[in-house]
Amino acid sequence: MSILFFHAKKIKDEPINAWSQAPEADCAVVLTGAPGRIREGFELLQQKRVKKLIVSGVFKEATYTEVFPYWPYYNEINPDDVILEKRSQTTFGNAHQSVVLVESLKCQDVLLVTSQLHMARAYSIFRDVFPNTIDIKKLTLANARSEQSVFDFALELVKSLFYTVFGLVNFVGL
């Protein structure tokens, strides 16, 4: 039972740092799944805080403007600097598909962009999948309205436990 409480505390205690820090990295990996994440990635690219933006978990038929309708307002962004990763369907898949892209882009460090609810598990998975030579920095966003229910928290808790119990990830700090 203590493992359940550990995971719950780890999720709840993840600090939101998107407004208090201005981290920079070679690449950013934005995990789809909730509003606001993709916009944050485009802001990072527009502000030149990252050189390349990987949007991971995009629907396979999606276009740039479908993924980010405000694209025309970001006229300084070069489309070659945005990669839509369309193969992954899970956070584990996001990490495996993104590491290939990050390595091919020769990124030394990565900003992982996702919500508070998702960050603990996502970071643990990415840390397990990515080589230690690539620094992973967290850019944690406040949970979107669609991620604030008790059900969402419970689902994230179950997913975190699943990955830990089945040995797919060594939950950081466990």
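The structure under discussion appears in the preceding block.
Residues numbered from 1 in each chain as written. Predicted model: local features only at pLDDT ≥ 70, side-chain atom pairs only at ≥ 80, totals over all residues. Heavy atoms only, no water.

1. Considering the overall build of the protein
In terms of regular secondary structure, the protein is built from six helices and five strands. The secondary structure elements of the protein, listed N-terminal to C-terminal, are α-β-α-β-α-β-α-β-α-β-α. Counting over 174 residues, the protein shows a buried share of 49%. In the protein, of all internal contacts separated by at least 6 residues, the share reaching a separation of at least 24 is 80%. Put simply, the protein shows about 9300 Å² of open surface, and 56% of that area lies on carbon and sulfur atoms. (Helix = DSSP H or I, 4+ residues; strand = E, 2+ residues; numbered from the N terminus. Buried < 20%, exposed > 50% of the residue type's maximum accessible area, 1.4 Å probe, protein only. Contact = heavy atoms within 4.5 Å. Areas by Shrake-Rupley, 256 points an atom, 1.4 Å probe, with all protein chains shown as cover.)

2. Some details on the nonpolar core
Phe42, Leu53 and Val82 are the most contacted members of the largest nonpolar core, which totals 24 residues. Residue assignment for this core shows that the elements contributing at least two residues are β1 (27-31), α2 (37-46), β2 (52-56), β3 (82-85), β4 (109-115) and β5 (135-141). The leading source of residues in this core is α2, at four residues. Ignoring anything within four residues of it in the chain, the contact list for Leu53 reads Ala28, Val30, Gly41, Phe42, Leu45, Asp81, Val82 and Ile83. Formed by 20 residues, the second largest nonpolar core is a distinct cluster that contains Ile125, Val129, Ile136 and Tyr163. (Core = buried A, V, L, I, M, F, W, Y, C linked by side-chain atoms within 4.5 Å.)

3. Focus on helix α4 (residues 91-104)
Between its terminal C-alpha atoms α4 stretches 20 Å, which fits the 20 Å expected from 14 residues at 1.5 Å a residue. Here α4 has its buried residues at Thr91, Gly93, Asn94, Ala95, Ser98, Val99 and Val102. Considering only its buried residues, α4 is in contact with β1, β2, β3, β4, α5 (116-129) and α6 (150-165). Positive phi appears at Lys106, one or two residues downstream of α4, with a value of about 60 degrees. (Expected span 1.5 Å × (residues − 1).)

4. Quick word on the side chain of Arg121
By the secondary structure assignment, Arg121 is in helix α5. Within the local environment of Arg121, its side chain forms a polar contact with the side chain of Thr91, the two groups lying 3.2 Å apart. (Polar contact = N/O pair within 3.5 Å; in protein donor to acceptor, adjacent residues only side chain to side chain.)

5. Focus: the pattern of salt bridges
One pass over the structure, following the stated rule, counts four salt bridges. Between Glu40 and Arg39 there is a salt bridge, with its nearest N and O atoms 3.9 Å apart. Assessed through its relative accessible area of 12%, Glu40 is described here as buried. Between Lys137 and Asp109 there is a salt bridge, and its shortest N-O distance comes to 3.3 Å. Here Lys137, found in strand β5, pairs with Asp109, found in strand β4; they are 28 residues apart in sequence, far enough to count as distant. (Salt bridge = Lys/Arg side-chain N within 4 Å of Asp/Glu carboxyl O.)

6. Some words on the packing of α5 against α6
Relative to each other, α5 and α6 sit at 15 degrees, their axes nearing to 9 Å. In terms of axis orientation, α5 runs roughly parallel to α6. Handedness of the α5/α6 crossing: left-handed. The residues of α6 that touch α5, namely those facing Leu117, His118, Arg121 and Ile125, are Asp152, Phe153, Glu156, Lys159, Ser160 and Tyr163. Counted by class, the contact of α5 with α6 contains four nonpolar, two polar and four charged residues. (Axes fitted to C-alpha atoms, helices over the stretch in contact; angles between N-to-C directions. Parallel < 35°, antiparallel > 145°, perpendicular 65-115°, else oblique. Left-handed = near helix turned anticlockwise from the far one by under 90°. Nonpolar A, V, L, I, M, F, W, Y, C, P; charged D, E, K, R; others polar.)

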